[in-house]
Amino acid sequence: MVQAIFRCILVVSLLIGGGADLCDAQPPKELTNSIGMKLVLIPKGTFTMGSPETEKSRHENETQREVTISKDYYLGVYEVTQAKYEKVMGKNPSHFQGAIVGNENADLPVENVSWDDAVVFCKKLSDLPEEMKAGRVYRLPTEAEWEYACRAGSKTAYLFDDEEGLLPEYGWFSSNSSDRTHTVGLLDPNAWGLYDMHGNVWEWCSDRHGKYPRGAVSDPTGPKDGTDRVIRGGYWNADASGCRSAYRYGSIPSYRYDGRGLRVALSPSGIPK
């Protein structure tokens, strides 16, 4: 009896004191929200953003710098699909719908989406009753979060290598897309389980487009001024160099095109452990 009491006291002291803290329990590594969207937890860390001067086809606006992502965050495993977009927004603006491509699969990525549309989608998704109850507030990823997640620890031009030879195994682009989008998740994921980070559709980021400031930074959110917003990842009609991990492009936030979609991000604060 004495030994049993002692063990109980020891367990309680570990939980309350210097041992395991119930309040510090980690958020789940994966979650599926109320409309079936899957997200994966991206661990915080530091990486080199941009490309070296020796990288083939690099642009001058890809100046390298050390970037720290100071907090974990969730990112959609897939680009937002037409079915998910329509469920939230009540409409499907996509050009490449099932009837057009001879494929009734609702998992084609949504496109013809402007930055403004993408922001409204995140807001309406966050306002769904079950998402509000769970404390989930969706947003577009920052440009730094996007590249960090795309690289998933890689330091090469593409998430798999410096050469483009394996790109058809990871992304839909001009050489293998047959001039259209494809069902999300058909090709290989990166090391963190994210699909279609290269190609298929461009993905809007929250940042304004501009030059990178020099020097190491933490959690950058882009320039305070400017018109264009950042899109990343390349799309179905891009050449291989336009799908590189560091490649960046800016566009008017109201512009819609059949190669532009989105992937959602989510901060874990407020999510039940």
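The rules we used
- Residues numbered from 1 in each chain as written.
- Predicted model: local features only at pLDDT ≥ 70, side-chain atom pairs only at ≥ 80, totals over all residues.
- Heavy atoms only, no water.
- Pairing = 2+ DSSP bridges.
- Helix = DSSP H or I, 4+ residues; strand = E, 2+ residues; numbered from the N terminus.
- Contact = heavy atoms within 4.5 Å.
- Axes fitted to C-alpha atoms, helices over the stretch in contact; angles between N-to-C directions.
- Core = buried A, V, L, I, M, F, W, Y, C linked by side-chain atoms within 4.5 Å.
- Buried < 20%, exposed > 50% of the residue type's maximum accessible area, 1.4 Å probe, protein only.
- Arc of directions from axis to C-beta.
- Patch = residues over 30% accessible without salt bridge, like charges linked within 9 Å, V, L, I, M, F, W, Y side chains within 5 Å.
- Areas by Shrake-Rupley, 256 points an atom, 1.4 Å probe, with all protein chains shown as cover.
- Salt bridge = Lys/Arg side-chain N within 4 Å of Asp/Glu carboxyl O.
- Lys, Arg positive; Asp, Glu negative; His and termini not counted.
- Charge placed at Lys NZ, Arg CZ, Asp CG, Glu CD.
- Phe/Tyr/Trp six-rings, centres within 6.5 Å; stacked < 30°, edge-to-face > 60°.
- Lys NZ or Arg CZ within 6 Å of the ring centre and 35° of its normal.

As for the sheet that holds strand E4 (residues 65-69)
Sheet architecture is open: three strands sit in the order E3-E4-E8, paired in mixed fashion. Bordering the open sheet on either side are strand E3 (45-49) and strand E8 (217-218), each of which pairs with just one other strand. Taken together, the five bridges between E3 and E4 define a ladder with antiparallel strand orientation. In the sheet register, phenylalanine 47 faces E4, and the bridge partner there is valine 67. In the packing of helix H6 (residues 143-151) onto the sheet, contacts are made with E3 and E4, and the angle to E3 comes to roughly 95°.

Side note on the nonpolar core
Among the nonpolar cores identified, the biggest contains 62 residues, and Ile42, Leu75, Val80, Phe121, Leu262 and Val264 are the most heavily contacted of them. Valine 264 has contacts with Met37, Leu39, Tyr74, Leu75, Gly76, Val80, Phe121, Cys122, Tyr138 and Arg139, leaving out every residue within four places of it along the chain.

Here we look at helix H2 (residues 82-89)
The complete set of buried residues in H2 reads Gln82, Lys84, Tyr85, Val88 and Met89. Taken around the axis of H2, the buried residues stretch over an arc of 165°, which confines them to a single face. Buried residues along H2 sit against helix H4 (115-126). Looking one or two residues beyond H2, the residue adopting positive phi is glycine 90, at roughly 80°.

Here we look at a negative patch on the surface
On the surface, Asp161, Asp162, Glu163, Glu164 and Asp239 cluster together into a negatively charged patch. Along the chain, the position of glutamate 163 falls in the loop between H6 and strand E7 (202-208). Taking the relative accessible area as the measure of exposure, glutamate 163 reaches 51% and is therefore exposed.

Digging into the packing of aromatic side chains
In total, this model carries 13 aromatic pairs according to the counting rule given. An angle of 10° between the planes, with centres 5.3 Å apart, marks the rings of tyrosine 85 and phenylalanine 121 as stacked. Here tyrosine 85 is found in helix H2, whereas its partner phenylalanine 121 is found in helix H4, with 36 residues between them in sequence. Here tyrosine 85 falls in the buried class, since its relative accessible area comes to 1%. Sitting above the plane of the tryptophan 115 ring, arginine 229 keeps its charged end 4.0 Å from the centroid. Taking NZ or CZ as reference, arginine 248 lies 4.0 Å from the ring centre of tyrosine 212, over its face.

What to know about the sheet that holds strand E2 (residues 38-42)
A sheet is described by the order of its strands in space; here five strands give the open sequence E1-E2-E5-E12-E6, paired in antiparallel fashion. For this open sheet the edge positions go to strand E1 (30-32) and strand E6 (138-139), each flanked by a neighbour on one side alone. Its contacts with the sheet put H6 on E2, strand E5 (73-76) and E6, and the angle it makes with E5 is roughly 75°.

Some thoughts on the environment of serine 57
Within the fold, serine 57 resides in the loop between E3 and E4. Sequence-wise, serine 57 and glycine 242 are 185 residues apart; in three dimensions their C-alpha atoms are separated by 8.7 Å. Here serine 57 is in contact with Ser241 and Arg244, once residues within four sequence places are set aside.

Thoughts on unusual backbone geometry
Of note, the phi angle at serine 57 is positive, near 70°, even though the residue is not glycine. Its identity as a non-glycine residue notwithstanding, serine 178 has a phi of 55°, on the positive side. Its place among the elements puts serine 178 in the loop between H6 and E7. By relative accessible area, serine 178 is classed as exposed at 59%.

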